[in-house]
Amino acid sequence: MFARAARPTMALARGLSTGAPSRAKVAVLGASGGIGQPLSLLLKNSPLVSQLSLYDIAHTPGVAADLGHIETRARVTGHMGPDQLHAALQGCDVVVIPAGVPRKPGMTRDDLFNTNATIVAVLADACARSCPEAMICVIANPVNSTVPILSEVLKSHGVYNPSRVFGVTTLDIVRANAFVAELKGLDPARVNVPVVGGHAGKTIIPLISQCTPKVDFPADQLEALTGRIQEAGTEVVKAKAGAGSATLSMAYAGARFAFSVLDAMNGKEGVVECAYVRSEETDCKYFSTPLLLGKGGIEKNLGLGKLSAFEEKLVADAMAELKGSIKKGEEFAANMK
Ligand SMILES: NC(=O)c1ccc[n+]([C@@H]2O[C@H](COP(=O)([O-])OP(=O)(O)OC[C@H]3O[C@@H](n4cnc5c(N)ncnc54)[C@H](O)[C@@H]3O)[C@@H](O)[C@H]2O)c1
């Protein structure tokens, strides 16, 4: 039996990805950015990737030439501008999308909607045409809306497979693990906190009661820890003081998620990750919960599990905002037609 809270890719925590070599083509859309570059470096370092396709509207020839000199097997290709998007995507097994503008101090993720919604819709349209079978992992914010947009665009092409579309929320899990380990003096590589809901403020819901190993906090500390996990992105935005949002930790988290998807595609069993996906687990159409991954993407949604009273309230409090963000994304996609 697989564990709901199994830690997926321990090897990444040691700085390397292991796993059996595979023949996967992976594309990074937005590869020249703050997340895209270190994410591409981590992917280039993995035997799970045989071709790494880097797409952006700027600077990809340089990024590709630079990464191409690394002595690992993944063949790197650079593609710049819409004319080269099809070549970047053709034959892709996994597409990771960190394209789009990041937050500046004082901004919410939703403030990015106007710019990033269009970017994601254009890239989704290209995926539908060039690699309709690929696993698509969306990092671009606001994830709570960009995943519905991507899904609607794929639907309009008749190629939507909800088992293959993921909003990457892994950074919330990574942060929760790091913060719990710090407070309890544990090895962070051995801590796993499922984080459910969405990826913005109060829609980020850490399930500390389901943490492995089991940890207990007094009510005031639990509330403060939960608040810190929910606002951890803003902590980084403030510290960077106008220079963007989390990039290095997000690259780590994006790579961890991509490696889990690739491991599961290669037949590894028991791979579990939380991600924001089409869901029947609550009355929100999209919701993040732990997912058992398999060769075709989501094999089984493991659901919310047993919640504490505190966590039940967090879920209830997140619903209205989450539903609003989903509706906003769907309306945007409908108006594009
Ligand atoms: N899911 C998460 O947990 C999480 C965490 C951090 C950041 N983010 C989001 O990730 C996104 C990227 O952040 P960043 O710090 O790397 O930003 P960045 O500005 O450093 O990089 C974005 C890149 O996207 C490229 N781009 C813009 N339009 C494009 C298009 N149409 N096609 C392809 N590429 C395009 C830019 O040229 C740039 O290289 C932001 O939306 C940010 O909010 C998500």
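Residues numbered from 1 in each chain as written. Predicted model: local features only at pLDDT ≥ 70, side-chain atom pairs only at ≥ 80, totals over all residues. Heavy atoms only, no water.

(A) The overall build of the chain, seen in detail. For the chain, the helix and strand inventory stands at eleven helices and eleven strands. Its C-alpha atoms give the chain a radius of gyration of 19 Å, near enough to 20 Å, the size a compact globule of 337 residues would have. Dimensions along the principal axes, computed over C-alpha positions, put the chain at roughly 55 × 45 × 40 Å. The 337 residues of the chain split such that 57% are buried. Put simply, of all contacts in the chain between residues at least 6 apart along the chain, 72% involve residues at least 24 apart. Within the chain, one finds 34 positive and 31 negative side-chain charges whose respective centroids are separated by 3 Å. (Helix = DSSP H or I, 4+ residues; strand = E, 2+ residues; numbered from the N terminus. Rg over C-alpha atoms; globule rule 2.2 N^0.38 Å. Buried < 20%, exposed > 50% of the residue type's maximum accessible area, 1.4 Å probe, protein only. Contact = heavy atoms within 4.5 Å. Lys, Arg positive; Asp, Glu negative; His and termini not counted. Charge placed at Lys NZ, Arg CZ, Asp CG, Glu CD.)

(B) Up close: the environment of Ala181. With respect to the secondary-structure elements, Ala181 resides in helix H7 (residues 170-184). As a C-alpha pair, Ala181 and Val215 span 34 residues in sequence and 9.7 Å in three-dimensional space. Discounting chain neighbours no more than four positions away, the residues touching Ala181 are Leu186, Asp187, Pro188 and Val191.

(C) Local environment of the confidence of the model for the chain. For the chain, mean pLDDT is 94; residues scoring 70 or higher make up 93% of the total. For the chain, the element scoring lowest by mean pLDDT is helix H1 (residues 10-13), at 48; strand S6 (residues 165-167) scores highest, at 99. Every residue in residues 13-17 scores below 50 in pLDDT, and together they form ten contacts with partners more than four places removed in sequence or on other chains. (pLDDT = per-residue confidence, 0-100.)

(D) The site of the ligand, seen in detail. Neighbouring residues of the ligand: 27 residues in total, closest Gly34, Ile35, Asp56, Pro98 and Val101. Ile35 has a polar backbone atom sitting 2.9 Å from an oxygen atom of the ligand. Taking Asn116, its side chain carries an N or O atom lying 3.1 Å from an oxygen atom of the ligand. Here the ligand has 870 Å² of accessible area as a free molecule, and 85% of this is covered by the chains. Residue assignment for the shell around the ligand shows that the elements contributing at least two residues are strand S2 (49-56) and helix H5 (113-130). Ranked by residue count, the leading element in the shell around the ligand is H5, at three residues. (Near = heavy atom within 4 Å. Polar contact = N/O pair within 3.5 Å; in protein donor to acceptor, adjacent residues only side chain to side chain. Areas by Shrake-Rupley, 256 points an atom, 1.4 Å probe, with all protein chains shown as cover.)

(E) Spatial organisation of helix H3 (residues 60-68). For H3, the full list of buried residues reads Thr60, Val63, Ala64 and Leu67. Each buried residue of H3 sits inside an arc of 95 degrees when the element is viewed along its axis, so together they form one side. Where the residues of H3 are buried, they touch helix H2 (36-44), S2 and strand S3 (75-80). (Arc of directions from axis to C-beta.)

(F) Region of interest: the domain arrangement of the chain. Here the domain parsing of the chain yields domain 1 (17-169) and domain 2 (170-325). The straight-line distance from the C-alpha centre of domain 1 to that of domain 2 is 21 Å. Facing 42 residues of domain 1, the contacting portion of domain 2 comprises 47 residues. A combined buried area of about 3500 Å² lies between domain 1 and domain 2, and 67% of that area is made up of carbon and sulfur atoms. Taken as a group, Arg109, Asn144 and Thr169 account for 22% of the area that domain 1 buries against domain 2, more than any other trio of residues on that side. Taken together, the links from domain 1 to domain 2 amount to eleven residue pairs in polar contact (both at pLDDT 80 or more). If you list the elements that add at least two residues to the side of domain 1 that touches domain 2, you get strand S1 (24-29), H2, strand S4 (94-97), strand S5 (135-138), helix H6 (143-156) and S6. Examining the composition of the side of domain 1 that touches domain 2, we find that seven residues originate from one element, H6, more than from any other. Its residues assigned to classes, the side of domain 1 that touches domain 2 shows 25 nonpolar, eleven polar and six charged. (Domains from an automatic or database assignment. Buried area = accessible area lost by both parts, 1.4 Å probe. Nonpolar A, V, L, I, M, F, W, Y, C, P; charged D, E, K, R; others polar.)

(G) Molecular detail of the pairing of strand S10 (residues 286-294). Along S10, nine of the nine residues are buried, which leaves the element largely enclosed by surrounding structure. In this sheet, S10 lies alongside strand S9 (residues 271-278) in antiparallel orientation, the contact comprising eight bridges. In the strand pairing of S10, Ala275 is matched with Thr289. Across four bridges, S10 lies against strand S11 (residues 297-301) in antiparallel orientation. Paired with Gly294 across the strands is Gly297, a residue of S11. The turn joining S10 and S11, which pair antiparallel and follow one another in sequence, is formed by two residues. (Pairing = 2+ DSSP bridges.)

(H) Structural view of the side chain of Ser325. Along the chain, Ser325 turns up in helix H11 (residues 309-336). Note on Ser325: relative accessible area 13%, which makes it buried. Leaving out residues up to four positions away in the same chain, Ser325 has contacts with Asn144 and Ser145.

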